[in-house]
Amino acid sequence: MIINVVGARPNFIKISPLIREMNKNKIPNYLVHTGQHYDWNMSGAFFKQLNIPTPDKFLNVGSSSHAKQTSEIIEKFEKICLKLNPSIVLVVGDVNSTIACALVASKLNIKVAHVESGLRSFDKSMPEEINRILTDHVSDFLFVTEQSGLDNLVNEGFTQNSIHFVGNCMIDTLIESLQESEKSNILYENNLESKCYFLATFHRASNVDGPNELSDIVNLINKTSENLPVVFPVHPRTKKQIMDFKLKLSGDVITLDPLPYLDFIKLLNHSKLVITDSGGIQEESTFLGIPCITCRENTERPITIDIGTNILVGSNMNDVGAKLPGILENEPKENKIPPLWDGLAAKRIVKILKQFV
Ligand code: UD1
C-alpha cells in the first residue's frame with residue numbers, strides 16, 4: 001500500500017493526478033490530510049473541484065508554530081504508519097507536512113517518495129528550503145520537475161538510480177483543468193475583461209510577516225491599481241497581517257477571498273500579468289505564457305526564468321515599483337514550456353512506484 005500525504009493548498013493540486021493514476025493501476029492507496037490547511041476555500045474546495053477522494057484520515061493539526069505543527073503531525077502520523085505498515089509513503093512539495101511525514105516514514109524504514117524533489121533556493125531563511133533539503137535526504141525516490149533539480153541532487157551526492165526526472169504534477173492538473181476552468185464566471189462576477197487586469201498574490205512569511213515589508217507591498221498594489229485593476233485574492237496569513245498592521249488597500253483593488261482552483265486558473269489565464277511571491281504560480285504562468293513578476297530575492301524554480309515568463313525582481317518593493325513600467329512597456333518575454341511538463345508526470349511516477357508496492 002502507498003500512503004499519500006497532503007496538508008496545504010499546493011499539495012492538493014499535485015496529489016490529484018497521482019491518486020487517479022494509482023487507482024487506474026489498482027495500487028492500494030490511503031490518503032492522509034494533516035489539516036495544516038483547513039478552511040473550506042484553502043482545502044475542501046480543492047478536494048471538490050479536483051475530484052480528490054475524501055481523506056481516509058484527517059489529522060486536524062491546524063495552525064501553530066513550526067515546531068508545534070510539525071511535531072503534532074509527526075506524532076499522529078507515526079501511529080498511522082505503525083498500524084498500516086505501508087510499502088511507500090509519498091509526500092509532495094515543501095510544506096511542514098511534507099518533512100514531518102517523510103521523517104516519520106524513514107525512521108520506520110518505510111520507503112519515502114518525494115514529488116517535486118531537488119528544488120533549491122539556496123536560502124535557508126525560507127522554511128520551505130529547510131523542508132526541501134531534509135525531505136530529499138530521507139527519501140528513496142526523488143521525483144524531479146526540472147533540470148536544476150537533477151543538478152542539485154547530483155551535487156548533493158544522491159545516486160543516479162534514486163533520481164527520476166518525471167515532469168510536473170502541478171502542470172498535469174493544470175492541463176487537465178484548463179477547459180473546465182473556462183466555465184468559471186469569475187471575470188464576469190468582478191466586471192473584468194480578459195487581459196485588462198493584473199493579478200497579485202502574496203503570502204510568503206518573509207514578505208507579509210513584517211509591517212514594513214507588507215506595507216511596501218500594499219503600497220505597490222495600490223499604486224499599480226491606478227493604471228489597471230489589480231485583483232488580489234488574499235491568503236489568510238496575509239489578511240490577518242493586513243488587519244493587524246492596520247494597512248489599507250485602495251478602493252481600486254479588487255480584494256477577494258482565496259479562490260477555488262478553477263476560478264484562480266481562469267483569472268490567471270486571462271490576466272495581463274501576475275505579481276506574486278508564490279512558487280507554484282511561477283510554474284503555472286510559465287506554462288500558460290502569462291508574464292510573471294516574482295517579488296523574491298531568489299527562486300527554487302530557475303527554469304521559469306531561463307525559458308519561461310518569470311522575471312525575478314527582488315523583494316524591495318520600491319525597486320519593483322520602479323522596474324514595473326519598463327517591464328510593461330517591453331515586449332513580453334518569449335517563453336518555452338519546460339521539458340516533460342506535458343501532463344504525464346503522474347503516469348511516469350506511478351509506473352516507477354508500481355514495481356515496489
Ligand atoms: C504554507 C506553506 C507554504 C505554502 C503555503 C501555501 C509551510 C512552512 N508553509 O504556508 O510553503 O506556500 O502553505 O498556501 O508549510 N490559515 C487559515 N486557514 C487555513 C490555513 C491557514 O486561516 O486553512 C492561517 C492561519 O492563521 C495560519 C496562517 O494562515 O497561522 C499560515 O498558515 P500555515 O499553514 O502556517 O502557513 P502558510 O502561510 O499557509
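The structure we're discussing is the one just above.
Within each chain, residue numbers correspond to sequence positions counted from 1 in written order. Thresholds applied to this predicted model are a pLDDT of at least 70 for local features of residues and 80 or more for the giving and counting of side-chain atom pairs; totals over whole chains, interfaces and linings are not thresholded and use all residues. In computing side-chain properties, one takes all heavy atoms of the structure into account and sets aside hydrogens as well as water.

### Re the overall build of the protein chain
Short version of the rule: A run of H or I in DSSP becomes a helix once it reaches four residues, and a run of E becomes a strand once it reaches two; helices and strands are each numbered from the N terminus. To get the radius of gyration, use the C-alpha atoms; to get the globule rule, take the number of residues to the power 0.38 and multiply by 2.2 Å. Whether a residue is buried, partly exposed or exposed follows from its accessible area with a 1.4 Å probe, protein chains only, as a fraction of its type maximum: under 20%, in between, or over 50%, in that order. Contacts are assigned to residue pairs that have any heavy atoms within 4.5 Å of one another. Shrake-Rupley sampling with a 1.4 Å probe provides the accessible areas, and residues are treated as covered by the protein chains on show and by no other component.
The helix and strand inventory of the protein chain stands at 16 helices and 13 strands. Taking 357 residues into account, the globule formula puts the C-alpha radius of gyration at 21 Å, and the protein chain, at 20 Å, falls close to it. Per-residue burial over the protein chain gives 56% buried out of 357 residues. When contacts within the protein chain are restricted to residue pairs at least 6 apart in sequence, those whose partners lie at least 24 apart make up 67%. Roughly 15,400 Å² of accessible area belongs to the protein chain as shown, and the carbon and sulfur atoms make up 51% of that amount.

### As for the side chain of T294
The residue T294 is located in strand 12 (residues 292-294) in this model. When its relative accessible area of 0% is taken as the criterion, T294 is described as buried. Apart from residues no more than four positions distant in its own chain, T294 is found in contact with T276, Q282, N310, I311, L312, V313 and G314.

### Here's the deal with the site of the ligand
Applied cut-off: Note on terminology: near, applied to a residue and a molecule or strand, indicates that one of the residue's heavy atoms is within 4 Å of it. Each polar contact in these results corresponds to two N or O atoms within 3.5 Å; when the atoms are within protein, one needs to be able to donate a hydrogen and the other to accept it, and residues that are neighboring in sequence are counted only if both atoms are side-chain atoms. When residues are grouped by polarity, Ala, Val, Leu, Ile, Met, Phe, Trp, Tyr, Cys and Pro land in nonpolar, Asp, Glu, Lys and Arg in charged, and all others, Gly among them, in polar.
Taken together, 18 residues lie near the ligand, and Q36, H37, D39, E128 and R237 sit nearest. Between the ligand and the protein, one listed contact pairs an oxygen atom with a side-chain N or O atom of H203 at 2.9 Å. In isolation the ligand has 750 Å² of accessible area, and contact with the protein removes 86% of it. Those elements giving two or more residues to the shell around the ligand turn out to be helix 1 (9-24) and helix 11 (236-244). Classifying every residue of the shell around the ligand gives six nonpolar, seven polar and five charged.

### Description of the packing of helix 12 (residues 261-269) against helix 13 (residues 280-288)
Rule in force here: To get an axis, a line is fitted to the C-alpha atoms, and for a helix only the part in contact is used. The angle between two axes follows their N-to-C directions and goes from 0 to 180 degrees. For classification, angles of less than 35 degrees are called roughly parallel, those exceeding 145 degrees roughly antiparallel, those between 65 and 115 degrees roughly perpendicular, and all remaining angles oblique. Crossings are classed by handedness, with left-handed meaning an anticlockwise turn of the near helix from the far one by less than a right angle and right-handed meaning a clockwise turn.
Where helix 12 meets helix 13, the closest approach of the two axes is 10 Å, and the angle between their N-to-C directions is 55°. Put simply, helix 12 runs oblique to helix 13. Judged by the sense of rotation from one axis to the other, the crossing of helix 12 with helix 13 is right-handed. Residues Y261, F264, I265, L268 and N269 of helix 12 form the contact with helix 13, whose own contacting residues are I281, E284, S285 and L288.

### Comments concerning the sheet that holds strand 9 (residues 230-233)
Worth spelling out the cut-off: By this definition, two strands are paired if DSSP reports at least two bridges between them.
Taken together, the six strands give an open sheet; going across it, the order is 10-9-8-11-12-13, and neighbouring strands pair in parallel fashion. Of all the strands in the sheet, the pair left with one neighbour each is strand 10 (253-256) and strand 13 (310-312). Neighbour to neighbour, the strand axes of the sheet diverge by 20° on average, direction disregarded. The pairing of strand 11 (residues 273-276) with strand 12 spans three bridges and is classified as parallel. Looking at strand 12, one finds that V274 is bridged to C292.

### Some points on the state of the cysteines
Using the following cut-off: Cysteine sulfur atoms are paired as a disulfide whenever they come within 2.5 Å of each other.
In total, this model carries zero disulfides according to the counting rule given. Unpaired in terms of disulfides, C196 finds its nearest cysteine sulfur in C292, a separation of 19 Å. Its relative accessible area of 34% is what places C196 among the partly exposed residues. C295 forms no disulfide, and the closest cysteine sulfur to it belongs to C292, at a distance of 8.7 Å.

### With respect to the nonpolar core
Condition: Here, nonpolar core refers to any group of buried Ala, Val, Leu, Ile, Met, Phe, Trp, Tyr and Cys residues whose side-chain atoms link them within 4.5 Å.
In this structure, L18, L90, F143, L267 and L353 are the most contacted members of the largest nonpolar core, which totals 54 residues. Ignoring sequence-local partners within four residues, the contact set of L267 consists of I186, L187, L192, Y197, L199, V231, L256 and L259. In this structure, L220, V313, M317 and V320 belong to the second largest nonpolar core, which totals 25 residues.

### Focus: the pairing of strand 9
On strand 9, burial covers both faces: V230 and F232 on one face and V231 and P233 on the other are all buried. For strand 8 (residues 198-201) and strand 9, the ladder comprises two bridges, and the chain directions are parallel. Residue pairing in the sheet places F198 in a bridge with V230 of strand 9. Alignment of strand 9 against strand 10, held across four bridges, turns out to be parallel. Counted as the bridge partner of P233 is L256 from strand 10.

### Focus: the packing of helix 7 (residues 169-181) against helix 12
Their axes nearest at 10 Å, the elements helix 7 and helix 12 cross at an angle of 85°. Judged by the inter-axis angle, helix 7 sits roughly perpendicular to helix 12. Residues M170, T173, L174, S177, L178, E180 and S181 of helix 7 pack against Y261, L262, I265, K266 and N269 of helix 12. Tallied by class, residues from the contact of helix 7 with helix 12 come to six nonpolar, four polar and two charged.

Such coordinate-based values are descriptive only and should not be taken to indicate function.
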